[in-house]
There are 2 protein chains.
Amino acid sequence: MPRLSQPSRPEPSAPAQHGELAFIERIRRAASSGRTNPAIRLGIGDDAAILRPKPGEELIVTTDFSLEGRHFTRDRHAPQSIGHRTLARGLSDIAAMGARPLAAFLSLALPKSLARDPAWLDAFLEGFISLAHTARVSLAGGDTSESPSDHILADITLLGATPYGTALRRSTARPGDHLYCTGWLGGAAAELDATLNHSGATHPTASASVSPNPHPHFFPTPRLTLGQQLRQRKLASAAMDLSDGLSTDLTHLCHASRVAAEIELARLPLHPLAAARTHEQALDFALNGGEDYELLFTTKPRTKLPRTLAGIPLTRIGTILAPRRNQPTLTQVAADGTRSPLEPHGWEHLR
Amino acid sequence: MPRLSQPSRPEPSAPAQHGELAFIERIRRAASSGRTNPAIRLGIGDDAAILRPKPGEELIVTTDFSLEGRHFTRDRHAPQSIGHRTLARGLSDIAAMGARPLAAFLSLALPKSLARDPAWLDAFLEGFISLAHTARVSLAGGDTSESPSDHILADITLLGATPYGTALRRSTARPGDHLYCTGWLGGAAAELDATLNHSGATHPTASASVSPNPHPHFFPTPRLTLGQQLRQRKLASAAMDLSDGLSTDLTHLCHASRVAAEIELARLPLHPLAAARTHEQALDFALNGGEDYELLFTTKPRTKLPRTLAGIPLTRIGTILAPRRNQPTLTQVAADGTRSPLEPHGWEHLR
């Protein structure tokens, strides 16, 4: 299988005619269209890429599938959105660790029908590379193949860097810590829900500079600068990204930190797309919708937090508690003060 | 989608019952069964893994798909072989750069039918982890999903390390350099061919300590120690791995180095499984078969090379030449001295 790590010149002698080498060549050209992250000593073109983090830095590594029929569908998602979302999934994990992104590696398998449609691939790469430029991350390698089925298959690997021992983790929250989230919740689920319940494809375009992001599902904004500032200014005692839905992700944070938590529902910062729905729907989207790619983090009780960071509002949504036998991990506090257990109901992105 | 990077404890409160979390838990347990590579500061259990290369080391990164129907089929390949091969593809790239492997990240999507068959996953992990132990590489993270089709989908990311500026590359061969390969050629194609032309499944088991490897297709042996010795002893002027077939891979090396090359066919070290075939078949397997996962490397003319390295024979198979207009990139020299162009015909692993 030809890897992205292959000679950069077209090969007139033989495999040049193959669709797959032309495919690789398009990706290579798109990858070299921006400034290369200086950490990359060798990008596409050999058996492997070579990266050099700065002295005193450790590496942050994450991989995420983006599979047609699981994470997106071709009739609902424009290729630009699929490219953007494929990269955003990995970048959000890098943001959650407070890391500086370095390099992305893209494994991409296209069905036979699409492999002969350069327009689709170019639009996918447009969405991918546009976000890569914004995030200052370089496409440094990957793999290509023909998909064995009619599904587009992508897997993204992201590498980032942080100074030794400073990466934010989800396992370090302590009872008494305050619980915060960034930006707005429920927007991605509300936008997806609106798309699924309307006939015909909607193909919005990215508009990253607007806040709140009008297309949180199709073009999510990973909180990279914000995550790095949380780490640099030592504001967070623990952090993770909100990819599976607040109820599920907070359960993960609590289990990793061996704590419990309570959320005050009235404090949840609803995305305007969610807030436009019934109160019940809006809460469901915010708690269980997933894919908001905001950050969930905790602070020590005495930490003074600014109202915004990197231009994004920070909202206190609850408190970390000591775990107790026979008590739920998560408790929700309604506007009238009623307390009840909150079960994790997130995670299935495309139902 | 639940990532491998999730809480390590089962979650009795909710997603615990889901098949997918049980799936992740099996992988996590398999991953923690061996000694962890000390470069891994944080493995499975957070948004991302944290790796710390030694000071003065740079990172080597490669990703490779292993897709059912493209790289393997379920009726021909036992799950142990699929697990082994998935990891071997990435390790061979690390070997080709002369690097020390650090960590593997596995993205794995299983069809619904298999996700409820823990025996298949356990056997896959047995093959994967067994090779990981031999190679001293840790499974440090990844992603899981349900496959959108009835195909098993895997993507492997491998990270390795080398001292600054010492990684072997394919772009540094010079005219006059001698051309070598490690081990034996054509064995993987011969074994696959024998399997395809015999009814019924053959399910060999790994026997890594035997040389030549009796199952070069089902359980290939990445040349990790050999690659590191080539780098440490400064024996190679360029190197790459033989994954797509000698004719195709040498073309890649020549294009990357802007040189030409000639191969003496009589010198090719045929694997016993290839040598048992007709001369014509044996040559075809050795030149175009692919997936031998040996190393192809060049040496400066004055370099004195041992006959074996890390217990594996090194065989001179040709010479690097200056490129000339209207001359083929590759020339094959038959036993009788006849010269003819050699076209790249490798790369399609499963025809």
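In this report, the structure presented in the accompanying data block is examined.

Cut-offs and rules
Residues numbered from 1 in each chain as written. Chains lettered and ligands numbered in written order. Predicted model: local features only at pLDDT ≥ 70, side-chain atom pairs only at ≥ 80, totals over all residues. Heavy atoms only, no water. Helix = DSSP H or I, 4+ residues; strand = E, 2+ residues; numbered from the N terminus. Rg over C-alpha atoms; globule rule 2.2 N^0.38 Å. Buried < 20%, exposed > 50% of the residue type's maximum accessible area, 1.4 Å probe, protein only. Contact = heavy atoms within 4.5 Å. Areas by Shrake-Rupley, 256 points an atom, 1.4 Å probe, with all protein chains shown as cover. Axes fitted to C-alpha atoms, helices over the stretch in contact; angles between N-to-C directions. Left-handed = near helix turned anticlockwise from the far one by under 90°. Pairing = 2+ DSSP bridges. Expected span 1.5 Å × (residues − 1). Phe/Tyr/Trp six-rings, centres within 6.5 Å; stacked < 30°, edge-to-face > 60°. Lys NZ or Arg CZ within 6 Å of the ring centre and 35° of its normal. Salt bridge = Lys/Arg side-chain N within 4 Å of Asp/Glu carboxyl O.

### Re the overall build of chain A
Thought 1: A count of helical and extended segments in chain A gives nine helices and 14 strands.
Thought 2: The C-alpha radius of gyration of chain A comes to 21 Å, within 12% of the 20 Å expected for a compact globule of 351 residues.
Thought 3: Counting across all 351 residues of chain A, residues that qualify as buried make up 63%.
Thought 4: Intrachain contacts of chain A at a sequence separation of at least 6 include 84% that bridge at least 24 residues.
Thought 5: Accessible surface for chain A amounts to roughly 13000 Å². Of this, 50% is attributable to carbon and sulfur atoms.

### Section: the packing of helix α2 (residues 79-96) of chain B against helix α4 (residues 118-135) of chain B
Residues and elements named next belong to chain B.
Thought 1: With their axes 6 Å apart at the nearest point, α2 and α4 run at an angle of 40° to one another. When the axes of α2 and α4 are compared, the crossing they make is right-handed. Of the residues in α4, those touching α2 at Pro79, Gln80, Ile82, Gly83, His84, Thr86, Leu87, Ala88 and Leu91 are Trp120, Ala123, Phe124, Glu126, Gly127, Phe128, Leu131, Ala132 and Ala135.

### Section: the sheet that holds strand β2 (residues 49-51) of chain A
Thought 1: Ordered in space as β1(A)-β2(A)-β3(B)-β6(B)-β4(B)-β5(B), the six strands form an open sheet in which the pairing is mixed. The sheet is open, and its two borders are formed by β1 (40-42) of chain A together with β5 (138-146) of chain B, each paired with just one other strand. The average undirected angle you get between the axes of adjacent strands in this sheet is 25°.
Thought 2: Of the pairings in the sheet, the one linking strand β3 (residues 57-67) of chain B to strand β6 (residues 153-163) of chain B comprises eleven bridges and is antiparallel in character. In the sheet register, leucine 59 of chain B faces β6 of chain B, and the bridge partner there is alanine 161 of chain B.
Thought 3: With respect to the sheet, α4 of chain B is in contact with β4 (100-110), β5 and β6 of chain B, its orientation differing from that of β4 of chain B by roughly 170°.

### Quick look at helix α4 (residues 118-135) of chain A
All names here are of chain A.
Thought 1: When the terminal C-alpha atoms of α4 are compared, their 25 Å separation across 18 residues agrees well with the 26 Å that a helix rising 1.5 Å per residue should span.
Thought 2: For α4, every residue scored as buried is listed here: Trp120, Leu121, Ala123, Phe124, Leu125, Gly127, Phe128, Ile129, Leu131, Ala132 and Ala135.
Thought 3: A positive phi of about 55° marks arginine 136, the residue just after α4.

### Overview of the packing of aromatic side chains
Thought 1: Overall, the coordinates contain six aromatic pairs over all chains when judged by the stated rule.
Thought 2: A centroid spacing of 6.3 Å and a plane angle of 25° characterise the contact between phenylalanine 124 of chain A and phenylalanine 128 of chain A, whose relative ring orientation is stacked. Of this pair, phenylalanine 124 of chain A and phenylalanine 128 of chain A both sit in helix α4, separated by four residues, roughly a single helical turn.
Thought 3: One aromatic cluster is present, formed by Trp120, Phe124 and Phe128 of chain A through successive ring pairs.
Thought 4: In this structure, arginine 52 of chain A is placed above the aromatic ring of tyrosine 164 of chain B, and the distance from its NZ or CZ to the ring centre is 3.8 Å.

### Structural notes on helix α5 (residues 187-196) of chain B
Residue and element names in this part refer to chain B.
Thought 1: With seven of ten residues buried, α5 lies mostly within the body of the structure.
Thought 2: Within α5, burial applies to Gly187, Ala188, Ala189, Ala190, Glu191, Leu192 and Thr195.
Thought 3: Looking at the buried side of α5, the elements it contacts are α8 (272-275) and α9 (279-288).

### Examining the sheet that holds strand β1 (residues 40-42) of chain B
Thought 1: On the basis of which strands lie adjacent, the open sheet formed by six strands has the order β5(A)-β4(A)-β6(A)-β3(A)-β2(B)-β1(B) and mixed pairing. Either end of the sheet is taken by a strand with one partner, and the two such strands are β5 (138-146) of chain A together with β1 of chain B. Mean inter-strand twist for the sheet, computed between neighbouring axes without regard to direction, equals 25°.

### Focus on the environment of glycine 346 of chain B
Residue and element names in this part refer to chain B.
Thought 1: Along the chain, glycine 346 falls in the segment after β14 (339-341).
Thought 2: Overall, glycine 346 belongs to the buried group, its relative accessible area being 15%.
Thought 3: On a C-alpha basis, the gap between glycine 346 and leucine 230 in space is 25 Å, while along the polypeptide they are 116 residues apart.
Thought 4: Once residues within four sequence positions are removed from consideration, glycine 346 is found in contact with Asp244, Ser247, Thr248 and Asn288.

### Some remarks on unusual backbone geometry
Thought 1: In the Ramachandran plot, arginine 258 of chain A falls in the positive-phi region, its phi being about 55° despite a non-glycine side chain.
Thought 2: Looking at the element boundaries, arginine 258 of chain A is found in the loop between α7 (246-257) and β9 (260-264).
Thought 3: We note that asparagine 326 of chain B has phi near 60°; this positive angle belongs to a residue other than glycine.
Thought 4: Relative to the helices and strands, asparagine 326 of chain B resides in the loop between β12 (312-321) and β13 (330-333).
Thought 5: Judged by its relative accessible area of 79%, asparagine 326 of chain B falls in the exposed class.

### Focus: the pattern of salt bridges
Thought 1: If you walk through the whole model with that rule in mind, you get 28 salt bridges over all chains.
Thought 2: Across the salt bridge formed by glutamate 146 of chain A and arginine 70 of chain B, the nearest N and O atoms sit 4.0 Å from each other. Here glutamate 146 of chain A is found in strand β5, whereas its partner arginine 70 of chain B is found in the loop between β3 and α2 on a different chain.
Thought 3: A relative accessible area of 22% means that glutamate 146 of chain A is categorised as partly exposed.
Thought 4: On the accessibility criterion, arginine 70 of chain B (13% relative accessible area) is buried.
Thought 5: Between glutamate 262 of chain A and arginine 339 of chain A there is a salt bridge, with the nearest N and O atoms lying 2.9 Å from each other. Of the two residues, glutamate 262 of chain A sits in strand β9 while arginine 339 of chain A sits in strand β14 (residues 339-341), which places them 77 residues apart along the sequence.
Thought 6: Through salt bridges that share partners, Asp46 and Asp47 of chain A together with Arg170 of chain B make up one connected network.

### Quick word on the pairing of strand β10 (residues 294-299) of chain A
Residues and elements named next belong to chain A.
Thought 1: Within β10, six of the six residues are buried, leaving the element largely enclosed by the surrounding structure.
Thought 2: Alternating positions in β10 separate into two faces, Glu294, Leu296 and Thr298 on one and Leu295, Phe297 and Thr299 on the other, with burial throughout.
Thought 3: With four bridges joining them, strand β7 (residues 178-182) and β10 adopt antiparallel strand pairing. Bridge pairing in β10 links tyrosine 180 to phenylalanine 297.

### Topic: the pairing of β4 of chain B
All names here are of chain B.
Thought 1: Counting buried positions along β4 gives ten out of eleven residues, so the element sits mostly inside the fold.
Thought 2: In this structure, β4 lies alongside β6, joined through nine bridges in antiparallel fashion. Bridging from a neighbouring strand, leucine 106 pairs with isoleucine 156 of β6.
Thought 3: Both β4 and β5 contribute to a ladder of eight bridges, which runs parallel.

### Some points on the environment of alanine 194 of chain A
Residue and element names in this part refer to chain A.
Thought 1: Its location among the elements puts alanine 194 in helix α5 (residues 187-196).
Thought 2: Taking relative accessible area as the criterion, alanine 194 reaches 27% and is therefore assigned partly exposed.
Thought 3: Put simply, alanine 194 and leucine 273 are 79 residues apart on the chain and 9.3 Å apart in space, counted from C-alpha to C-alpha.

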